[in-house]
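The lines below spell out each chain.
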Amino acid sequence: MSEIESRFQEELGTRDMADPGEARAPHREHPSAKEYIRIGVILAVLTALEVATYYVDVGGALVPTLIGLSVVKFALVVMWFMHLKFDSPTYARYFLMGLAGATTLYLVVLISFGVFKVG
Amino acid sequence: MADLAITPGHGAVEAHDEHATTTGLPNTKLAMWMFLASECMLFGALISTYVLYRGASQTGPYPDDVFDIPFTSVSSFVLLASSLTMVLALAAAQKRDVVRMRLWLLTTALLGLSFVGGQVYEFTTFYDEGLSISTNLFGTTFYVLTGFHGVHVTVGILMLMSLVSFSTADRLPDDAAFPVEMVGLYWHFVDIVWIVIFTVVYLIPTPSPAPV
């Protein structure tokens, strides 16, 4: 980091706002086309499993299975196709802040309206 | 303060960003992630409204009367495939293979167009079967949620076509990976929203209608 850049950051106090060492750490290389295709195939298989639950009776395991499969698919796309696994963790923090905020807020709303009440 | 400004291209920022930033990360990419985080709030509201009113419609048609799961499953595969072609476009852009990049971007746009076409067909069929946006709570929450998603896919298609046009007109930088990655982030987000919608709206069975 140049002297002028250090002075700029000291002036703005940005050292406290973000850890430059972490943010500037060289991120890992993005996956190759082959790896993308492998993830694509896994996603297709998971989707096929989801669709299969429509035809095969899995009883009480249906909802947990479907939610589990969609969480895995969601994570695979975010981590591999959107590169959160490879890029700076700062991006992940921003996104997770929104995602966790939305999930918490709306779960509280749904619980308070008795959506998950059994019986 | 003016003399303290950081000169462009100075500092250990990501290779594809021209300007040094105080975080060391490209502002455009950070802004895109913040935008996507805010979109979680928007779609969270729409999805939870749908869940809140599931099974609360007093009159039909109900989800089981109109949903065509095999058809929507094909649409889901199409959108998933478009995410794969999008990352293949990015991989080509990173290798500076412009021809392949354009080809994959066009394929992604076409797959997106097929998805939107499928949605238009689905909406038309549902309307013919008596489900409009004002028929019942199911119709209102379903059309608003999936309609918003469809609009997002349409915006994504416009972004993809713009990238192709800019590339054809030679108006993209030599290293086009960065703009392709930004459009890709938006496109994949649209895909992950559909992953949730497909499960919550189409696959999880709706409880029996509430007694009047």
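Just so it is clear, the structure is predicted and the values come from calculations on it, not from any experiment.

## What to know about the nonpolar core
Here is step 1: If you look at the biggest cluster of nonpolar residues, it comprises 89 residues, and the most contacted ones within it are Phe95(A) and Phe67(B).
Here is step 2: At the level of elements, α4 (33–55), α5 (62–81) and α6 (89–112) of chain A together with α1 (27–52), α3 (69–94), α4 (98–128), α5 (137–168) and α6 (177–203) of chain B are the ones that each hand at least two residues to this core.
Here is step 3: Tallying contributions element by element places α6(B) first for this core, with 20 residues.
Here is step 4: Excluding anything up to four places from it in sequence, Phe95(A) contacts Phe74(A), Val78(A), Leu84(A), Trp33(B), Leu36(B), Ala37(B), Cys40(B), Phe189(B) and Ile192(B).

## What to know about the packing of aromatic side chains
Residue and element names in this part refer to chain B.
Here is step 1: Within the structure shown, the criterion is met by 22 aromatic pairs over all chains.
Here is step 2: Relative to Tyr202, the ring of Phe67 lies with its centre 4.6 Å away and its plane at 35 degrees, an arrangement referred to as tilted. Here Phe67 is found in the loop between α2 (63–66) and α3, whereas its partner Tyr202 is found in helix α6, with 135 residues between them in sequence. Accessibility assignment for this pair places Phe67 and Tyr202 in one class, buried.
Here is step 3: Clustering of aromatic rings is evident, with ring pairs tying together Tyr50, Phe67, Phe115, Phe123, Phe126, Phe138, Phe142, Tyr143, Trp194, Phe198 and Tyr202.

## So, the interface of chain A and chain B
Here is step 1: Each partner contributes residues to the interface: chain A has 53 residues there, and chain B has 53 residues.
Here is step 2: Taking both sides of the interface into account, the surface hidden between chain A and chain B amounts to around 4800 Å²; carbon and sulfur atoms contribute 79%.
Here is step 3: Our count for the contact surface shared by chain A and chain B stands at one salt bridge.
Here is step 4: Residue Lys29(B) pairs with Asp87(A) through a salt bridge whose shortest N-O separation is 2.6 Å.
Here is step 5: Inspection of the chain A/chain B interface yields four residue pairs in polar contact (both at pLDDT 80 or more).
Here is step 6: No other element matches the twelve residues that α4(A) contributes to the side of chain A that touches chain B.
Here is step 7: Within the side of chain A that touches chain B, the residues separate by chemical class into 33 nonpolar, 13 polar and seven charged.

## Let's talk about the pattern of salt bridges
Here is step 1: Inspection of the entire model under this criterion finds four salt bridges over all chains.
Here is step 2: Residue Lys73(A) is joined to Glu50(A) by a salt bridge in which the shortest nitrogen-to-oxygen separation is 2.8 Å. Of this pair, Lys73(A) sits in helix α5 while Glu50(A) sits in helix α4, and the two are 23 residues apart along the sequence.
Here is step 3: Take Lys73(A): its relative accessible area is 2%, and that puts it in the buried class.
Here is step 4: Taking relative accessible area as the criterion, Glu50(A) reaches 0% and is therefore assigned buried.
Here is step 5: In this structure, Lys29(B) and Glu181(B) form a salt bridge, with 2.9 Å as the shortest nitrogen-oxygen distance. With Lys29(B) in helix α1 and Glu181(B) in helix α6, this residue pair connects regions lying 152 residues apart in the sequence. Like Lys29(B), the residue Glu181(B) is buried in the burial classification.
Here is step 6: Linked by salt bridges that have partners in common, Asp87(A), Lys29(B) and Glu181(B) make up one network.

Cut-offs and rules
Residues numbered from 1 in each chain as written. Chains lettered and ligands numbered in written order. Predicted model: local features only at pLDDT ≥ 70, side-chain atom pairs only at ≥ 80, totals over all residues. Heavy atoms only, no water. Core = buried A, V, L, I, M, F, W, Y, C linked by side-chain atoms within 4.5 Å. Buried < 20%, exposed > 50% of the residue type's maximum accessible area, 1.4 Å probe, protein only. Helix = DSSP H or I, 4+ residues; strand = E, 2+ residues; numbered from the N terminus. Contact = heavy atoms within 4.5 Å. Phe/Tyr/Trp six-rings, centres within 6.5 Å; stacked < 30°, edge-to-face > 60°. Buried area = accessible area lost by both parts, 1.4 Å probe. Salt bridge = Lys/Arg side-chain N within 4 Å of Asp/Glu carboxyl O. Polar contact = N/O pair within 3.5 Å; in protein donor to acceptor, adjacent residues only side chain to side chain. Nonpolar A, V, L, I, M, F, W, Y, C, P; charged D, E, K, R; others polar.

As far as function goes, none of this settles anything; it's purely spatial.
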